[in-house]
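These are the residues of each chain, in order.
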Amino acid sequence: MEIQLNNGVPMPSPGFGVAAISGWQVDTDEVAEVVSEAIQIGYRHLDTASVYGNERSVGSAIAAGGVERGDLFVATKAWTTEHGYDQILRAFDNSRRRLDIEYLDLYLLHWPVPDLIAESWRAMERLVSEGAVRAIGVSNYRISDLELLLASADVAPACNQIEIHPYFSQPEVQAYCREKAIQLVSYSPLGTGTWSDIPAEQKPIVDPLIREIAERHEVTPAQVILRWNLQHDWVPIPKSENSARMRQNLDLRGFELSEAEMTSIDALEKGKRFNMDPEEAIETTKHVAVPRGEASTAASK
Ligand code: A2P
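Residues numbered from 1 in each chain as written. Predicted model: local features only at pLDDT ≥ 70, side-chain atom pairs only at ≥ 80, totals over all residues. Heavy atoms only, no water.

Draft legend 1. Fine view of the overall build of the chain. A tally of regular secondary structure across the chain gives 11 helices and 10 strands. Compactness check: the chain gives a C-alpha radius of gyration of 18 Å against a globular reference of 19 Å for 301 residues, within 12% of the reference. C-alpha extents for the chain along the principal axes are approximately 50 × 45 × 35 Å. When each of the 301 residues of the chain is scored for burial, the buried share is 55%. Taking the contacts inside the chain whose residues are at least 6 apart along the sequence as the reference set, 76% of them involve residues at least 24 apart. Accessible surface for the chain amounts to roughly 12,700 Å². Of this, 47% is attributable to carbon and sulfur atoms. (Helix = DSSP H or I, 4+ residues; strand = E, 2+ residues; numbered from the N terminus. Rg over C-alpha atoms; globule rule 2.2 N^0.38 Å. Buried < 20%, exposed > 50% of the residue type's maximum accessible area, 1.4 Å probe, protein only. Contact = heavy atoms within 4.5 Å. Areas by Shrake-Rupley, 256 points an atom, 1.4 Å probe, with all protein chains shown as cover.)

Draft legend 2. Inspection of the pattern of salt bridges at higher detail. Counting across every chain of the model gives 14 salt bridges. In this structure, E179 and K180 form a salt bridge, with 3.9 Å as the shortest nitrogen-oxygen distance. For K180, a relative accessible area of 34% translates into the label partly exposed. Put simply, R273 and D277 hold a salt bridge, and the shortest N to O gap is 3.6 Å. What makes R273 partly exposed here is its relative accessible area of 27%. (Salt bridge = Lys/Arg side-chain N within 4 Å of Asp/Glu carboxyl O.)

What follows is the structure, encoded as structure tokens:
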């Protein structure tokens, strides 16, 4: 299925999140194989980031995947150390070189850097006007960051990719983005938080209500959570390295959640963030480098 971004560009949904496939910042043939498999299974939206350190593998999978480039939607992100006008243009060139593609479908500012939002966004707008990127957006933006951006933007952000799962659905950001026609993209949609130390029994995928709804519809808890995203018009980008789960996460059309079920899942919200807080990220992310991704350390093509 597809949704349409505010500039008319279609975005396939669900997408396939590729953070930490085979491990954090691993860029090997194994990663390319997982991404190729996802493409073969039917994913058409791939979501990576310069800091994931696997753009070369994603590019290899795109080249080998047997699907026309025009039928794929490829998104990557500029890390916080890459923000600023010249820095964004350079970062974009580096990502495009590593992915080995002509254009990007979506380029995102990975976390807010409030002091640099206006100038970073000017560079993003330039990339759109040059035809190098079909849509531009942000990730992990709070309402205050979006307000800052919109105050000087000529092009509105097409999306805000944020952590969304039943225990952390960010109702205020949801409402703000709906009002501004900014598409929400949900990362860590299963709430499994790859980088968190949250014990498995505390995650929404094992929540009794989610399990009960899953049993009623004869689907899995993950499918219930992903279907809840679709019915809210959010685009989830689940990650899996397992073929059966990859298939399952894409197979969401055979059932529909009732209004009562949707409302009961909404009510699970408890402000439980599994990933970094944007305020904390402003400082923390400065100390995380983007791997250069030189050919010698990358997946072979
Ligand atoms: P695996 O790769 O072994 O399938 P998120 O995208 O919410 O961060 O979740 C990613 C995590 O959730 C991964 O650890 C992934 O493990 C697991 N996962 C992905 N799909 C499913 C599913 N359908 N059921 C259970 N766990 C899943």
